[in-house]
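Now for the letters of each chain:
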Amino acid sequence: MVMNSTVNEFILFGLTQDPRKQKAIFGVFLMLYLATLLGNFFIVVTIKRSSTLGSPMYFFLFYLSFTDACLSTTIAPRLIVDAISQRKTISYKECMTQVFSAHFFGCMDIFVLILMAFDRYVAICKPLRYTTIMNRHVCSVLVILGWVGSCIHSSAQILLALRLPFCGSNVIDHYFCDLQPLLKLACMDTYVINLLVVSNSGAICTVSFIILLISYVIILYSLRNYSAEGRRKALSTCTSHFIVVVLFFGPCIFIYTRPATTFPVDKVVAVFYTIGAPLLNPLIYTLRNAEVKNAMIKLWCSKV
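No experiment lies behind these values; they were computed from the predicted model shown. (Residues numbered from 1 in each chain as written. Predicted model: local features only at pLDDT ≥ 70, side-chain atom pairs only at ≥ 80, totals over all residues. Heavy atoms only, no water.)

## Points about a nonpolar patch on the surface
On the surface, a cluster of nonpolar side chains totalling about 440 Å² of accessible area is made up of Phe254, Phe263, Val265, Val268 and Phe272. Within the secondary structure, valine 265 is located in the loop between helix 8 (228–256) and helix 9 (266–287). Overall, the relative accessible area of 40% leaves valine 265 in the partly exposed class. (Patch = residues over 30% accessible without salt bridge, like charges linked within 9 Å, V, L, I, M, F, W, Y side chains within 5 Å. Areas by Shrake-Rupley, 256 points an atom, 1.4 Å probe, with all protein chains shown as cover. Salt bridge = Lys/Arg side-chain N within 4 Å of Asp/Glu carboxyl O. Helix = DSSP H or I, 4+ residues; strand = E, 2+ residues; numbered from the N terminus. Buried < 20%, exposed > 50% of the residue type's maximum accessible area, 1.4 Å probe, protein only.)

## A short note on the packing of helix 2 (residues 56–83) against helix 3 (residues 92–125)
Across the interface, helix 2 lies against helix 3 with an axial gap of 9 Å and an inter-helix angle of 160°. Classified by the angle their axes make, helix 2 and helix 3 are roughly antiparallel. For the crossing formed where helix 2 meets helix 3, the hand is left-handed. When its residues are assigned to classes, the contact of helix 2 with helix 3 shows 16 nonpolar, 5 polar and 6 charged. (Axes fitted to C-alpha atoms, helices over the stretch in contact; angles between N-to-C directions. Parallel < 35°, antiparallel > 145°, perpendicular 65-115°, else oblique. Left-handed = near helix turned anticlockwise from the far one by under 90°. Nonpolar A, V, L, I, M, F, W, Y, C, P; charged D, E, K, R; others polar.)

## Remarks on the confidence of the model for the protein
A residue-level look at the protein finds 96% of positions with pLDDT of 70 or above and a mean pLDDT of 86. Mean pLDDT per element in the protein: helix 10 (residues 290–303) is the minimum at 77, and helix 5 (residues 136–162) is the maximum at 94. The model gives residues 1–5 a pLDDT under 50, and that stretch makes 12 contacts with residues more than four places away or in other chains. (pLDDT = per-residue confidence, 0-100. Contact = heavy atoms within 4.5 Å.)

## Some words on helix 9
The terminal C-alpha atoms of helix 9, which comprises 22 residues, lie 30 Å apart, in line with the 32 Å expected from a rise of 1.5 Å per residue. For helix 9, the principal kink sits at glycine 276 and spans about 50°; a proline, proline 278, occurs within the next four residues. (Expected span 1.5 Å × (residues − 1). Bend = angle between axes of the 7 residues up to and from the residue.)

## Overview of the state of the cysteines
Taken as a whole and assessed by the stated rule, the structure comprises 2 disulfides. One disulfide in the model links cysteine 167 with cysteine 187; its S-S distance is 2.3 Å. Within this pair, whereas cysteine 167 is found in the loop between helix 5 and strand 3 (171–172), its partner cysteine 187 is found in the loop between helix 6 (179–185) and helix 7 (191–222), the two being separated by 20 residues in sequence. Residue cysteine 167 is classed as exposed on the basis of its relative accessible area of 60%. A relative accessible area of 36% places cysteine 187 in the partly exposed class. Once the bonded cysteines of the protein are numbered in order along the sequence, the disulfide links fall as 1-3, 2-4. Cysteine 205 supplies the cysteine sulfur nearest to cysteine 107, a cysteine that is in no disulfide, at a spacing of 8.3 Å. (Disulfide = S-S within 2.5 Å.)

Right under this line is the structure:
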């Protein structure tokens, strides 16, 4: 492993250089970040404290909310502070840490979404064996495997980033450190490294999305044997999951599955999976889920 020592810090360009827009970005994204933390905090505490939310679906939702809060915390604070800072610098070590953290929690998000889809598949397609297959031990092992897989993925990403030599501009045309904008600054042929990024991040996003689509098609096909009420309840749950999947995977596939080219729209697209998805997940899962809403009202109203 070769660690770069020619650059001590980078300058993050941010979403815009317009002073008026930067003030708006500070206010808007501060509110979005606080809403993200609050929403995911409510879900995590509600699931942990509620006796009615003990099923595997809520076990996985607990980890999705926790991971979303961590992913948002990896990205949003730097964006918010830089919006009102004159000097938008990030040290080399902080930049590499952000690359690792963003990919670690982003990958864990993907694994949890796959586990939630698998849970719905077993619940709908194999209802008689559901409690046997999806017992707490199995769910715990699956989550641990998700953490291990995320660590392997992010370690591969950081190893690629640490090998990049920088000898020219240190201005990153983005609002956080990621491999694509760093590849643009590297003073070497990055063709092979970009192929490795696509085969790692791009493949994980694309293959996971295809797996999720296939699982939902199988689930929808299986619903033909259910009663009208059973179909309605299952569709409501699966629709929530599918909205989250599209919001997260659409931007990820756009960013990570193409050659080493960057577009101005990349930063806006990245907002959807770094800021938007962690914010919308708690809203989608609470507004469309009566069990979570009722448990949340019962828990927090009793506290008040």
